[in-house]
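Examination of the molecular architecture
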Amino acid sequence: MRIALYEPEIAGNVGAILRLGACLGTAIDLIEPMGFAWDDRRVRRAAMDYIDHVDFTRHADFAAFQGAHAGQRRVLFTTKATMSAYAFDYRADDILLFGKESAGVPDTVAQVCDAQVRIPLRAQVRSLNLATAAALALGEALRQTGALPG
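Residues numbered from 1 in each chain as written. Predicted model: local features only at pLDDT ≥ 70, side-chain atom pairs only at ≥ 80, totals over all residues. Heavy atoms only, no water.

**Things to note about the packing of aromatic side chains**
Under the definition given, this model contains five aromatic pairs. Taking 6.1 Å as the distance between ring centres and 70 degrees as the angle between the ring planes, the aromatic pair formed by Y6 and F62 counts as edge-to-face. Of the two residues, Y6 is situated in strand β1 (residues 2–6) and F62 in helix α3 (residues 62–68); the sequence distance between them amounts to 56 residues. There is no split in this pair, since Y6 and F62 are both buried. Both rings, one in F62 and one in F65, keep their centres 5.6 Å apart while their planes meet at 40 degrees; by these two values the pair is tilted. Of this pair, F62 and F65 both sit in helix α3, three residues apart, roughly one helical turn. Like F62, the residue F65 is buried in the burial classification. In textbook terms, an aromatic cluster arises when at least three aromatic residues are bridged by ring pairs, as seen for Y6, F62 and F65. (Phe/Tyr/Trp six-rings, centres within 6.5 Å; stacked < 30°, edge-to-face > 60°. Helix = DSSP H or I, 4+ residues; strand = E, 2+ residues; numbered from the N terminus. Buried < 20%, exposed > 50% of the residue type's maximum accessible area, 1.4 Å probe, protein only.)

Right, here's the structure in full:
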């Protein structure tokens, strides 16, 4: 199981997701360009010393990411999907893909994903924070696949 972030814009979200990956034993893929300088101290502050315990890879662009993970199923989390993330059947080698905070992913990226799911929300609100969404998604996917840490 992996989490992939498409062109993330907020250093604190990336740091929190790196910490999530460290705590739950999940690799993280960062698809550039990112909306902040990588040496941004906010990444380190949010990830804390957990950054030393997570397997993460930075990819120059989406094509590089695709090349590195050919054959793995990409599950896109998007507010545009109709299928609930809780009704989807995850596999242990899935990549949970999240778009940038301001705009999600472009249609060209969405079209090459193997599935699109959404986290159900009240109608009065648009979306969750990226790190919160990733935590909910990863928790459900690991629960379904029996891969939650003991």
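And the narrative resumes.
**Some remarks on a nonpolar patch on the surface**
A surface patch of nonpolar side chains, about 380 Å² in accessible area, is lined by Y86, L121, V125, L128 and L136. Within the secondary structure layout, L136 lies in helix α5 (residues 130–145). Residue L136 is classed as partly exposed on the basis of its relative accessible area, which comes to 36%. (Patch = residues over 30% accessible without salt bridge, like charges linked within 9 Å, V, L, I, M, F, W, Y side chains within 5 Å. Areas by Shrake-Rupley, 256 points an atom, 1.4 Å probe, with all protein chains shown as cover. Salt bridge = Lys/Arg side-chain N within 4 Å of Asp/Glu carboxyl O.)

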